[in-house]
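As a plain string of letters, each chain reads:
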Amino acid sequence: MATLPAPCISHQYRRRRFSSPPAPVLLPHSHSTHLRPLRRKALSPTLCAATAASRREAAVSRMPRLAHREVMLALAHQMEARLGPRLLPSEVPADVAWFGDAAVPGAALGSVDVHGGAPGSSIDFMLEAWFHRALPTGGAIDITSLVVFLNGTTDAPHFLMELIQGGPSSLVVLLDLFPRRDLPVHPDYIDKYYGATGVDAHRINIEKIPQVRPYVSPSLLVRSLWSPTAVVVDVQCGEGKEAVLEEIVRGQLAQSAVELLDVWLQKCAGSVVEMEETEKESLVARDKMISTTSVKLNLSANLPKIFDKHVSDRVVAEIDKAFRGP
């Protein structure tokens, strides 16, 4: 999946168009059409986290084992545990929490989950997505995303990590504290969240890896949205070098992701910034404009290349609800 900002999924299989769309798996599902949790009495945070972790692990265990998925799984667990009662239970329908291709079992698998932020917290929502698609020509594309948006109580950056594996020894990495201010106009914002926190060290360390080269999105809009410390790279290890990629993923990439997440949890997730109402409204409107544009231009166009249109439409609709709000 491409979430925010969207790195064009088509980059990975522009030359691999499918001969026919797969049919959706028919799974028992809830008839609820609402993704964002209702404002009702929440379950205990411990029970909520255990349920979500169990569902997440069950979904990921059905997909081929990949190092990047295991790293993201650990990050999602840590995110959920640290945010605790600031997250509400997920109410994602069962046919979005898990879906696949009935015609070719195991060829197209996906899972999307969303937790809304609890009242009084700075969390808007936490979204995670896990996609696997075997290609007719051999190989597969695997996409894993973890996004946490903050609400209008703060202007602190969102957290974004997306990993796109288009081959056994290649990986696109998108990792950022996603800025919510126009940075040239707010140099103090740069100092507070990117300079004083030292997060640029992660970009520098990852770009020093010999197999890493810059990833350039075909979208000019997307290129303008990243922070100056974003890790936006294409890891190319070469044919037969799967072990090299795994070492990079479990090593420097995992270390940087964990440390960046820790910075975000300490400096951003619980922050409250006093703003005039008009300033707050402008900030939230900017968030929604960027996120809904991403859904429209990328997810709606590219998910049908991975899943049957009926399935992709249902998944895109639920993700769109998370970004748009109730």
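Preceding block: the structure.
Residues numbered from 1 in each chain as written. Predicted model: local features only at pLDDT ≥ 70, side-chain atom pairs only at ≥ 80, totals over all residues. Heavy atoms only, no water.

Peer 1: Got a minute to help me understand the overall build of the protein in this structure?
Peer 2: Counting its regular elements, the protein contains 10 helices and eight strands. In the protein, which comprises 326 residues, the proportion classed as buried is 57%. For the protein, long-range pairs separated by at least 24 residues make up 72% of all intrachain contacts whose partners lie at least 6 apart in sequence. Carbon and sulfur atoms form 57% of the exposed surface of the protein, whose accessible area is close to 14,100 Å². (Helix = DSSP H or I, 4+ residues; strand = E, 2+ residues; numbered from the N terminus. Buried < 20%, exposed > 50% of the residue type's maximum accessible area, 1.4 Å probe, protein only. Contact = heavy atoms within 4.5 Å. Areas by Shrake-Rupley, 256 points an atom, 1.4 Å probe, with all protein chains shown as cover.)

Peer 1: Please clarify how the pattern of salt bridges should be interpreted in this entry.
Peer 2: Following the criterion strictly, the structure yields 18 salt bridges and no others. A salt bridge links D142 to R69; its shortest N-O distance comes to 3.0 Å. Here R69 lies in helix 3 (residues 67–83) and D142 lies in strand 4 (residues 140–150), a separation of 73 residues in the sequence. Taken as a pair, D142 and R69 share a single burial class, namely buried. Between R203 and D200 there is a salt bridge, with the nearest N and O atoms lying 2.7 Å from each other. (Salt bridge = Lys/Arg side-chain N within 4 Å of Asp/Glu carboxyl O.)

Peer 1: Looking at this structure, how should I read the sheet that holds strand 8 (residues 231–236)?
Peer 2: In sheet architecture, strand pairing relies on hydrogen bonds along the backbone and comes in two forms, parallel and antiparallel. Taken together, the eight strands give an open sheet; going across it, the order is 1-2-3-4-5-6-8-7, and neighbouring strands pair in antiparallel fashion. Two strands bound the open sheet, and with one partner strand each, they are strand 1 (99–100) and strand 7 (212–214). Strand direction decides the pairing type here: strand 2 (residues 108–116) and strand 3 (residues 123–134), joined by nine bridges, are antiparallel. Looking across to strand 3, one finds that H115 is bridged to M126. Contacts from helix 8 (residues 242–267) reach strand 3, strand 4, strand 5 (158–167), strand 6 (170–178) and strand 8 within the one sheet, and its direction differs from that of strand 6 by about 10°. (Pairing = 2+ DSSP bridges. Axes fitted to C-alpha atoms, helices over the stretch in contact; angles between N-to-C directions.)

Peer 1: What am I meant to see in helix 10 (residues 309–324) here?
Peer 2: Every α-helix winds through 3.6 residues per turn, so residues three or four apart in the chain are directed the same way. Compared with an ideal rise of 1.5 Å per residue, which puts 16 residues at 22 Å, helix 10 spans 22 Å between its outermost C-alpha atoms and is within 8% of the ideal. Among the residues of helix 10, V311, S312, R314, V315, V316, E318, I319, D320, A322 and F323 are the ones counted as buried. Measuring from the backbone nitrogen of H310 back to the side-chain oxygen at the start of helix 10 gives 2.8 Å, which picks out D308 as the cap. Downstream of helix 10 by a residue or two, G325 has a phi angle that is positive, lying close to 90°. (Expected span 1.5 Å × (residues − 1). Polar contact = N/O pair within 3.5 Å; in protein donor to acceptor, adjacent residues only side chain to side chain.)

Peer 1: Just checking my understanding: could you explain the packing of helix 3 against helix 8 for this structure?
Peer 2: Geometrically, a packed helix pair is captured by the angle between its two axes and the distance between the axes. Helix 8 packs onto helix 3 with a crossing angle of 15° between their chain directions and a minimal axis gap of 10 Å. By the angle class used here, helix 3 and helix 8 are roughly parallel. Here helix 3 and helix 8 pass one another in a crossing that is right-handed. Contacts from A67, H68, E70, V71, L75, Q78, M79, R82 and L83 in helix 3 reach E246, V249, R250, A254, A257, V258, L261, D262, W264, L265 and Q266 in helix 8. Tallied by class, the residues present in the contact of helix 3 with helix 8 amount to 12 nonpolar, three polar and five charged. (Parallel < 35°, antiparallel > 145°, perpendicular 65-115°, else oblique. Left-handed = near helix turned anticlockwise from the far one by under 90°. Nonpolar A, V, L, I, M, F, W, Y, C, P; charged D, E, K, R; others polar.)

Peer 1: Any chance you could explain the packing of aromatic side chains here in plain terms?
Peer 2: Here a ring pair, both rings aromatic, is described through the centre-centre distance and the interplanar angle of the planes. Considering all chains together, one arrives at nine aromatic pairs under this definition. Relative to F149, the ring of F125 has its centre 5.1 Å away and its plane inclined at 25°; by these criteria the two rings are stacked. Here the residue F125 occupies a position in strand 3, and F149 occupies one in strand 4, the gap between them amounting to 24 residues. Residue F125 shares its accessibility class with F149, and that shared class is buried. Every member of this aromatic cluster is reached through a ring pair, and the members are F99, F131 and F307. Positioned above the aromatic ring of W98, the side-chain terminus of R62 is 4.4 Å from the ring centre. (Phe/Tyr/Trp six-rings, centres within 6.5 Å; stacked < 30°, edge-to-face > 60°. Lys NZ or Arg CZ within 6 Å of the ring centre and 35° of its normal.)

Peer 1: Explain the pairing of strand 6 to me, please; I cannot follow it from the model alone.
Peer 2: In the case of a regular strand, side chains alternate between the two sheet surfaces. In terms of residue burial, strand 6 counts as a mostly covered element, since nine of its nine residues are buried. Going residue by residue along strand 6, you find S170, V172, L174, D176 and F178 tucked away on one face and L171, V173, L175 and L177 tucked away on the opposite face as well. Here strand 5 runs beside strand 6; their pairing, made up of eight bridges, is antiparallel. Counterpart to F159 in the pairing with strand 6 is L177.

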